[in-house]
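Structure at a glance
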2 protein chains.
Amino acid sequence: MPVPHVVILGGGFAGLSAARALRRAAVTVTIVDRRNHHLFQPLLYQVATAALNPGDIAYPIRSVLRHQANARTLLASADSIDLSLRKIVLADGELNYDFLIIATGATHSYFGKDWEKWAPGLKTIEDALEIRRRVLSAFEAAERELDPEKQRQLLTFVVVGGGPTGVELAGSLSEIGRLTVANDFRSFDPRSVRVVLIEGASRVLPPYSPSLSKKAKTALERLGVEVRTDSLVTAIDADGVCIGKEQILARTVLWAAGVSASPLGKLLGTPTDRSGRVLVAADLSIQGHTEVFVVGDLMNLQQGGQPIPGIAPVAIQSGRAAAKNILRRINGKQTLPFHYVDKGSLATIGRASAVGKVAGFELSGYLAWFLWWLVHIAFLVGFRNRLVVMLSWAWQYFAFSRGARLITGRGWEPGQPQ
Amino acid sequence: MPVPHVVILGGGFAGLSAARALRRAAVTVTIVDRRNHHLFQPLLYQVATAALNPGDIAYPIRSVLRHQANARTLLASADSIDLSLRKIVLADGELNYDFLIIATGATHSYFGKDWEKWAPGLKTIEDALEIRRRVLSAFEAAERELDPEKQRQLLTFVVVGGGPTGVELAGSLSEIGRLTVANDFRSFDPRSVRVVLIEGASRVLPPYSPSLSKKAKTALERLGVEVRTDSLVTAIDADGVCIGKEQILARTVLWAAGVSASPLGKLLGTPTDRSGRVLVAADLSIQGHTEVFVVGDLMNLQQGGQPIPGIAPVAIQSGRAAAKNILRRINGKQTLPFHYVDKGSLATIGRASAVGKVAGFELSGYLAWFLWWLVHIAFLVGFRNRLVVMLSWAWQYFAFSRGARLITGRGWEPGQPQ
C-alpha cells in the first residue's frame, strides 16, 4: 500500500506547523501556497513602518522544509476542492489527497464598503510596502505643500481599528514623525504629525482586561496618538474619514478593523460563520469528512463558551493538532479534541512599551515590551533573520533611525490620490 | 544679494557628491530626484540574485543630507529645462536656479529592439525585484514541470552582455543553483542549472586587459557558466535567445548589454553622442551656458583620447568637480578642467573571485574579491547598511544561503510568459 498523501493548503503558521509535525511520519506531505514565502505576520507592521525589510520577516517555504524528506512544496493556487473525489483543483492541474489540512487563513474585510482604495489593510508583504509608500510619500508631499491646511492634512494619519495591529501601527507612525525623520524636512516640523486611532468599542485592545486597555491608551497618548474610542467610521474617501458628522481630514488612512476568512472556506459546502470561517468538530475535522481538517484563522471553534481567537499561537497549535489527528486516524486510533493552551499574548506600543497577559500575569511597560521582543525574535524562522532583525531593532532603538525607508513600486506621481 | 541657488538633478553618486561638496559653501542647494532614495548601484545585482534586501543598498536622499543645513531634497520629476530663463519645469511646478548640475544618469538601451519584455535590464530596485521574481519563479515552475525539455528550458538562464554587471549576474545565477537552493527541490537537481553568458566582443570584461579577461572567463567556467564570446544576439522572445541561426531555449533572459543616457540630455539642445550623452567642456559645463554642468553617466568627455567610462568613481569625482567649479565661478575665479583619477576597478565573479586593476596592479582570485568586498562595504552610505550587508554576506558565504529569496509583486500566474 502506498503511504498516505497529506496535502496542506497554506504555508502560514498553521500549515507549516502541521507539515513539521508530520516530519517523522510514514506519509508524504505536499504543502501548497500561492506565495513562495512564509510570512512572520506579527512583525508585518514593522515593514509597513519602514523598520524592517521584507526579507527580514519572510522566508521561502521550501527552505523551511528543505531537510524534511517526506515533504514537497508547490507554488500553486487552489481554485476549489472536490471533497467526494478527494482532489484539489489547482489553477493549472489537480492534486489528489488522502488527508487534507486547510490553512488558508484570512484577509481584511471592509464590511462590504468600498474603502479599500483609500484605506489599505495589512496582510501581505505587498500591503506593507504599499502602506510604507503612502506614509513616506505623504511626508514628501508635505515638504512641498505651501497651503498650511493641506500640509496638515498630509501630516494626519488615521488608523481604523484599535486591536493589536492598529495599536502597533499608530504607535509606530507617531514615532516616525517624532523620532525617525525629525531632522529630515525643511518646510515643516515632523513632530507636528497627527496620528488618530479610531476604535468602535469602548476601549482599545478589547481582548485584554479594562486595566490593560487603559494602560495601552495612556502609552499611546504619551506617544502623541489621539485615541478615539466608541467611534464608528461612517465614510472614508480621498479627504479623510468621517465619524458620524465629524470629518477628520487626512491623506493617509490605514485599515486594521475587520477580517474575513479565505474564500476556500465557503467552497466546502459545510457550515461557516458570518466571517466565512468554517465550523469544525472538536478534532478540527469538518462535517461529513473525517479526512479533512480546517485550522488556524480559517476555523471557527468555541472553547469555554468563547470563540478561539485568530492569532499565531492558535494557528501553530491547531496545525499540530490536526497533523496528530491524521496520524491517529492512520493508526486506527480515535482522534483527540483540540484544546488551545493560552500561554499569553502581548501587544506592543512603540519603542519601549507593551501590554499583555503572560502565564496569568498582567504585564505592561518596558518589561512587557522586552518580553514581547524576546518572544518574537525567538519565533522568527531562520537564524539569519533573527540576527538581522535583532540588529535592525538595536540600531533603530539606539539611533532612532529606520533602515528600510524606501518608496518603491509606483513612482511618485503628483496630484494622485496617493 | 541673496545667496546663489544651486539645483542638482539626480540623487545618484554624482548628484550626492556634488551636494556634499557644497556643504560649507554660501549657497542654497536643492537636490531633485524622482525617487526618495539613493541607490548603491554596484550592488544592485545582489538584490536581483536574492542575496541582499532592497533596504540594504538604498538610503533616503534626505537622510543622507539631514545635517547639511543649506540643502533641501525634493521628490519631483524634472520634465524640461528652460536654459534661457534658468528654470526647471517640474511635473507639478517650477524651480529657478542660478547654477544647475544635471546628474540624471543613464538607463538600459535595447538598440531600438523590442526585447525589454523578455529580457529585463538592471538599473532600479524595481528592476532588481523583477529579475529576482523571474529567477525564483523559474525554479518553482521547473519543480512542477513534467516534460524534461521544458524543465531544461526553465532551468536555463541567459545573460546578454559580458561587462561587469553581466559577469556578476551570471556568476551569481550559477551559484544560486549550485549552492543556495541545492537541497530545496524534489523533481530536479538544481545543480543542473545552465547559465549562458553572451558577449558580442571577443572577450568578457572588455575594458580590462586580455589576461584579466581570460582569468574572468576561467573563473566563470569553474562556476559552470557557459561563456559565449564573439556572439551577437539576433532575436529574443518567449522561447529564448538566437545567436544567428542557433537558438538557446531559455525562459529567463537578462539584459546587461547597452546603456542609453537620460532623456534630459537631449532636451538641452546642445550636442550629444549616439547614446544621448551630453558633450561637455573640460570644466564639465555645456556649450553656451557656463552656469550649467553635466556630470556622471550623462556626460561625454574624452581623456587621453578615450571616453571616460560610466562608472561610480567617475560620477563621484565629476560631481565634486562641478560643485567646485561653481564655487570658483561665484568667487570670480577661472574654472578648472576635470581630470579623472583612476584608482582602479574590480569586477566580482561569484563567491570568492574577482578581477581588476588597482593602483596599476592587475589582481585576480581571492585577494581581488576580498579587496572588492572591502571597497564596496566602505563606500556604502550609512553605518547600519554597512553592518547588515557585511552580516548578510558573511552569512551567505559561510552558509551558502541567501536571505532575500522572496517572490513579491505580481503573484505567480500559471502559463504566463513570466
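Small disclaimer: the values here were computed from a predicted structure and weren't measured. Numbers given for residues are sequential positions, taken from 1 along each chain in its written order. Here every chain gets a letter starting at A, and every ligand a number starting at 1, in the order they are written. Totals for whole chains, interfaces and linings use every residue, but because this is a predicted model, local features are given only for residues with pLDDT of at least 70 and side-chain atom pairs only at 80 or more, for both listing and counting.

Let's shift gears to the overall build of chain A. Comment: elements are numbered from the N terminus, with helices defined as DSSP H or I runs of at least four residues and strands as E runs of at least two. Helix and strand counts for chain A stand at 12 helices and 27 strands. Radius of gyration means the value over C-alpha atoms here, while the globule rule gives 2.2 Å times the residue count to the 0.38 power. Whereas a compact globule of 418 residues would reach a radius of gyration of roughly 22 Å, chain A reaches 22 Å, a difference of no more than 12%. The C-alpha extent of chain A, read off along each of the three principal axes, is 75 × 45 × 45 Å. In this scheme the burial state of a residue depends on its C-beta neighbours within 10 Å: 20 or more other such atoms mean buried, 12 or fewer mean exposed, and anything in between means partly exposed; the C-beta positions come from the backbone. When each of the 418 residues of chain A is scored for burial, the buried share is 52%.

All names here are of chain A. Spatially, three strands are ordered β6-β7-β8 in an open sheet, and the strand pairing comes out antiparallel. For this open sheet the edge positions go to β6 (78-82) and β8 (93-96), each flanked by a neighbour on one side alone. Going across the sheet, the axis of each strand differs from the next one's by a mean of 25°, ignoring polarity. Only when DSSP finds a minimum of two bridges between them are two strands counted as paired. Strand direction decides the pairing type here: strand β7 (residues 87-90) and β8, joined by four bridges, are antiparallel. Here an angle of 0 to 180 degrees is reported between the N-to-C directions of two axes, which are lines fitted to C-alpha atoms, with helices fitted over the stretch in contact.

Residues and elements named next belong to chain B. Ordered by their spatial adjacency, four strands build an open sheet running β13-β12-β11-β17, and the pairing between neighbours is parallel. Of all strands in the sheet, those with a lone pairing partner are β13 (225-228) and β17 (252-255), marking the two edges. For this sheet, the mean angle separating the axes of adjacent strands, direction not counted, is 20°. Relative to β13, strand β12 (residues 194-198) is paired through four bridges, and the arrangement is parallel.

Let us look at the domain arrangement of chain A. An automatic or database domain assignment is the source of the domain bounds shown. Annotation of chain A at the domain level lists domain 1 (5-34 + 76-105 + 262-330) and domain 2 (117-257 + 344-399). A C-alpha centroid distance of 33 Å is found between domain 1 of chain A and domain 2 of chain A.

Moving on: helix α5 (residues 125-144) of chain B. Since the α-helix packs 3.6 residues into each turn, any two residues three or four apart lie on the same face. Multiplying one less than the number of residues by 1.5 Å gives the expected span of a helix. Look at α5(B): 29 Å from first C-alpha to last across 20 residues, which is about the 28 Å you get at 1.5 Å a residue. Within α5(B), 15 of the 20 residues are buried, leaving the element largely enclosed by the surrounding structure.

Before going further, it helps to spend a moment on the environment of V375(B). Residues and elements named next belong to chain B. Positionally, V375 belongs in helix α11 (residues 365-379). Accessibility expressed as a C-beta count within 10 Å gives 17 for V375, which makes it partly exposed. Linking V375 and A282, residues 93 residues apart in sequence, is a C-alpha distance of 29 Å.

Take the pairing of strand β1 (residues 5-9) of chain A next. All names here are of chain A. For β1, a buried count of four out of five residues is recorded, marking the element as mostly surrounded by other parts of the structure. The pairing of β1 with strand β2 (residues 28-33) spans five bridges and is parallel. By the bridge assignment, I8 is partnered in β2 with I31. This β-α-β element, β1 to helix α1 (residues 13-21) to β2, shows right-handed connectivity. Here is how to tell: hold the view so the strands point away, follow the path from the first strand over the helix to the second, and if it runs clockwise the crossover is right-handed.

So, on to unusual backbone geometry. In terms of backbone geometry, most residues other than glycine have negative phi values and most peptide bonds are trans. If you check the backbone angles, L284(A) has positive phi at about 80° while not being a glycine. A residue is classified by how many C-beta atoms lie within 10 Å of it, and L284(A), with 28 of them, is buried.

This brings us to the pairing of strand β14 (residues 233-237) of chain B. Relative to strand β15 (residues 240-243) of chain B, β14(B) runs antiparallel, the two sharing four bridges. Residue I236(B) lies in a different strand from β15(B), and its bridge partner there is V241(B).

All names here are of chain B. Taking 1.5 Å as the rise per residue, α11 with 15 residues should run 21 Å; its terminal C-alpha atoms sit 21 Å apart, in good agreement. Along α11, the positions that sit buried rather than exposed are A368, W369, W372 and H376. On an axial view of α11, the arc spanned by its buried residues comes to 100°, and they lie on one face. Set apart from the buried face of α11 by more than 90 degrees, the exposed residues are Y366, L367, L374 and A378. On its buried face, α11 is in contact with β25 (344-348), β26 (354-358) and β27 (361-364). An arc is given here, and it is the one of the directions from the helix axis to the C-beta atoms. Contacts are defined on C-beta atoms placed from the backbone: any two residues whose C-beta positions lie within 7 Å are in contact.

So, about the packing of helix α1 (residues 13-21) of chain B against helix α10 (residues 312-330) of chain B. Residue and element names in this part refer to chain B. Running from N to C, α1 and α10 cross one another at 35°; their axes reach a closest spacing of 7 Å. As α1 packs across α10, the resulting crossing turns out to be right-handed. Only A312, A315, I316, S318, G319, R320, A322, A323 and K324 of α10 make contact with α1, whose side of the interface consists of F13, A14, G15, S17, A18 and A21. Here the term charged refers only to Asp, Glu, Lys and Arg, the term nonpolar to Ala, Val, Leu, Ile, Met, Phe, Trp, Tyr, Cys and Pro, and the term polar to all other amino acids, Gly among them. The residue makeup of the contact of α1 with α10, split by class, is nine nonpolar, four polar and two charged. By definition, turning the near helix anticlockwise from the far helix through less than a right angle yields a left-handed crossing, and turning it clockwise yields a right-handed one.

Quick look at the environment of G265(B) now. Residue and element names in this part refer to chain B. Structurally, G265 can be placed in helix α9 (residues 264-267). Residue classification places G265 among the buried positions, given that 26 C-beta atoms sit within 10 Å. As a C-alpha pair, G265 and L298 span 33 residues in sequence and 7.0 Å in three-dimensional space. Filtering out sequence-adjacent residues up to four positions away, G265 remains in contact with T272, G276, R277, V278 and L298.

All right, on to the confidence of the model for chain A then. Known as pLDDT, the predictor's confidence for each residue is given on a scale from 0 to 100. Averaged over every residue, the pLDDT of chain A is 89; residues scoring 70 or more account for 91%. Note on the complex model: pTM 0.84, ipTM 0.77.

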